[in-house]
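The residues making up each chain are set out below.
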Amino acid sequence: MALIVQKFGGTSMGSTERITQVAKRVAKWARAGHQMVVVPSAMSGETNRLLGMAKELAPKKQTNEYLRELDMLASTGEQVSVGLLAIALQAEGVPAVSYAGWQVPVRTSDAYTKARIDSIDDKKVRADLQAGKVVIITGFQGVDEGGNITTLGRGGSDTSAVAIAAALKADEAMIFTDVDGVYTTDPRVVPEARRLTSISFEEMLEMASLGSKVLQIRSVEFAGKYKVPMRVLSSFTPWDIDITEEAQSGTLITFEEDEQMEQAVVSGIAFSRDEAKIAVLGVPDKPGIAFQILGTVAAANIEVDVIIQNISKDGLTDFSFTVNRNDYARTLDLLKEKVMPGLGAAEIVGDTRICKVSIVGIGMRSHVGVASKMFRVLSEEGINIQMISTSEIKTSVVIDEKYMELAVRALHRAFDLDMPVSA
């Protein structure tokens, strides 16, 4: 008997018919003797619907009070899902109980709309599991020290599921999605993309951080930190698929690099359209300038990605960085209102028509010339590189958004990712 945490996305919960299928799948695992905890997302489109109404009524400036109410609103979608799934399981003859994040409780920081999990109290959940019940917990949300409902950001149900699996020391976290695993890149961009049977945590962490939408980055961080075995698999296989076959399907995210994985120099191509570039021009080249610019941005809970500072000329330099496109306008306002007056910069300019394309692979550690090959391939396609960022197992470039799909296809082909893996 194993303790399994299963997470189901919004598509899987999109209608009462689909919720019934999820219930049958969970019931199959419960009847096989496993202790089951389920973390479902809100029904497909529900969070967007709720936030869309909020946008119609929103004040001109996004205050902390406004963000608090957004979390109060958005959290209701998952509460509907857990209640419906518990009812569907009861209809299957399986004892089930649902909890909102604050009831467990899942303790978080007070950064509304992008809170981080601090701790999870597992007493209530373990008691229900011992009593033979399936426990269903809302994803995407928790409660801060002041008793306010918080949410973890879009895709936060993945993070909730893995964090709950870590707290319970679960045998595996199974993330059911509308794809059947992790691919070398998005098959909608490159039809020849291959499903990976396994991928290392390091590679998956890079892929998630660089734009792969299969898993939210914080869920992979949790899994790696707490050594939670994690599997990505399809929720669209028949619910009555043999349990042994289902347990080995999809993509396993592993802790150790097996020999076959070491043969691949590049394991995948990630990309993100949600990028915006900001350049602060003509700033004094002196100690503390980076903090003076980015400290204010960080204090506003805005994440900065690629950073470049140009060579100084006549005591002045240009400082460029990227942020999520949703944070672009707010970042510009912050810089103009709080940074520019004391900085003496000549100008602040921005560009929202960019994207980031990245190659990822643990094999890059032991192979030279991988980045130069990437740059050569992009050059041959006439694609100009605006910014570059590297780590031990990835190289990212910022390019014009209109060249994104061309770049991904060219790199996927150049690194032989469309070729079948040799036995």
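This is a predicted model, so every value here is computed, not measured.

Conventions adopted
Residues numbered from 1 in each chain as written. Predicted model: local features only at pLDDT ≥ 70, side-chain atom pairs only at ≥ 80, totals over all residues. Heavy atoms only, no water. Core = buried A, V, L, I, M, F, W, Y, C linked by side-chain atoms within 4.5 Å. Buried < 20%, exposed > 50% of the residue type's maximum accessible area, 1.4 Å probe, protein only. Helix = DSSP H or I, 4+ residues; strand = E, 2+ residues; numbered from the N terminus. Contact = heavy atoms within 4.5 Å. pLDDT = per-residue confidence, 0-100. Polar contact = N/O pair within 3.5 Å; in protein donor to acceptor, adjacent residues only side chain to side chain. Salt bridge = Lys/Arg side-chain N within 4 Å of Asp/Glu carboxyl O.

> Explain the nonpolar core to me, using residue names and the numbers behind them.
In this structure, Val-5, Val-37 and Leu-215 are the most contacted members of the largest nonpolar core, which totals 45 residues. It is helix α6 (residues 156-168) that contributes the most residues to this core, 7 residues altogether. Apart from residues lying up to four places away in sequence, Val-5 is in contact with Val-37, Val-39, Ala-161, Ile-164, Ala-165, Ala-170, Glu-172, Ala-173 and Met-174. By size, the runner-up hydrophobic cluster in this structure holds 24 residues, among which are Ile-4, Met-13, Val-26 and Ile-136.

> Can you lay out the confidence of the model for the protein chain for me, pointing to particular residues and giving the numbers?
Summary statistics for the protein chain give a mean pLDDT of 92 and a share of 97% for residues scoring 70 or more. In the predicted structure, residues 258-262 sits below a pLDDT of 50 and forms 11 contacts with residues beyond four places in sequence or in another chain.

> Give a description of the side chain of Arg-231 that names residues and reports values.
Along the chain, Arg-231 falls in strand β13 (residues 230-234). Residue classification places Arg-231 among the buried positions, given a relative accessible area of 9%. There is a polar contact of 3.1 Å between the side chain of Arg-231 and the backbone oxygen of Ala-247. Within the local environment of Arg-231, its side chain forms a polar contact with the backbone oxygen of Ser-249, the two atoms lying 2.8 Å apart.

> An account of the pattern of salt bridges is requested, with residue identities and associated values reported.
Scanning the model with the defined rule gives 23 salt bridges in all. Ionic pairing is found between Arg-25 and Glu-246, a salt bridge with its closest N-O pair at 2.3 Å. A residue pair is termed long-range when its members are at least 10 positions apart, and Arg-25 in helix α1 (residues 16-31) and Glu-246 in helix α9 (residues 243-247) qualify at 221 residues. Since its relative accessible area comes to 3%, Arg-25 is described here as buried. In this structure, Arg-330 and Asp-327 form a salt bridge, with 3.6 Å as the shortest nitrogen-oxygen distance. A relative accessible area of 13% places Asp-327 in the buried class. The network of salt bridges with common partners includes Lys-24, Arg-31 and Glu-92.

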